[in-house]
Amino acid sequence: MEAVADRELFAQLMAESERPVYAFLASKVRDRGVASDIAQEAFFLAYRRFDSYDRSRPFLPWVMTIAYNCLVDHWRKSAHEGGDLPDEQIMAAPEHDRDDEWKQQEIVEAMTRISPEDSALLTMFYAEECSLATIGGRLGVAEGTAKVRLFRARAALKKQVEALHERGAS
């Protein structure tokens, strides 16, 4: 009986979060079909991992983290197959040159090395342009707590970028 209730709850939560997840992914890739494929993969993984979802926490940040990780996997696969890593559209860079492209790739690489929670938080703030109040609401925390978490996520990202620079210099 509990499995049926879990499936129903998942279906309800998915229906509520399907549009924001797809919109986020569509804003990061040029092809709507690819965005749809990544969203399907994310929801499939979320369904498979639903037993690990902490129901005392909001669902959207949890599934957005999964979707972001699926997006990063897509970027890695594309780069491995000779495609491009995220370009100026993805990271919303105002100008595009070789240095900007390298920096974007570096940020994507660093984002994969921080915690999924930090990655999702940075994505909400910078890519989705959510306010701290909105982020706090999504995470179920006060705006001040979201601000502190964002500060820590930035520090973690900076540390990973610096580590990439050190590896590149050696």
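What this report covers is the structure whose coordinates are included nearby. Fair warning: this is a prediction, and the values are worked out from it, not measured in the lab.

## Re helix α2 (residues 32-48)
- With 17 residues, α2 should cover 24 Å at 1.5 Å per step; its first-to-last C-alpha distance of 24 Å lies within 8% of that length.
- All of the buried residues in α2 are Ala35, Ile38, Ala39, Ala42, Phe43, Leu45 and Ala46. All buried residues of α2 fall inside an arc of 160° around its axis, so they share one side. Exposed and oriented more than 90 degrees from the buried face of α2 are Gln40 and Arg48.

## Quick look at the environment of alanine 35
- Its location among the elements puts alanine 35 in helix α2.
- In this structure alanine 35 comes out as buried when scored by relative accessible area, which is 0%.
- As a C-alpha pair, alanine 35 and phenylalanine 24 span 11 residues in sequence and 8.7 Å in three-dimensional space.
- Excluding its chain neighbours within four sequence positions, the residues that come into contact with alanine 35 are Tyr22, Leu25, Ala26 and Val29.

## Brief notes about the packing of aromatic side chains
- Applying the stated criterion across every chain, the model contains 9 aromatic pairs.
- With a centroid separation of 5.7 Å and an interplanar angle of 20°, the aromatic rings of phenylalanine 50 and tyrosine 53 are classed as stacked.
- Both rings, one in phenylalanine 59 and one in tryptophan 62, keep their centres 5.6 Å apart while their planes meet at 45°; by these two values the pair is tilted. Separated by 3 residues within a single helix, phenylalanine 59 and tryptophan 62 lie in helix α3 (residues 59-80), roughly one turn from each other. Neither residue differs from the other here; phenylalanine 59 and tryptophan 62 are each classed as buried.
- Among the aromatic residues, those joined into a ring-pair cluster are Phe10, Tyr47, Phe50, Tyr53, Phe59 and Trp62.

The rules we used
- In every chain, residue numbers begin from 1 and rise along the written sequence.
- The model is predicted, so local features are restricted to residues of pLDDT at least 70 and side-chain atom pairs to those at 80 or more, both for listing and for counting; the totals for chains, interfaces and linings are taken over all residues.
- Think of the side-chain values as coming from all heavy atoms in the structure, minus any hydrogens and water.
- Only DSSP runs of H or I reaching four residues or more are called helices, and only runs of E reaching two or more are called strands; each is numbered from the N terminus.
- For a helix, the expected span equals 1.5 Å multiplied by the residue count minus one.
- Only protein chains enter the accessibility calculation, which uses a 1.4 Å probe. A residue is then buried if its area is under 20% of the maximum for its type, exposed if over 50%, and partly exposed in between.
- What the arc measures is the spread of directions leading from the helix axis to the C-beta atoms.
- Note on contacts: a residue pair is in contact if any heavy atoms of the two residues lie within 4.5 Å.
- Pairing of aromatic rings covers Phe, Tyr and Trp, the last counted by its six-membered ring, and requires centre-to-centre distances within 6.5 Å; plane angles under 30 degrees mean stacked, over 60 mean edge-to-face, and any other angle means tilted.

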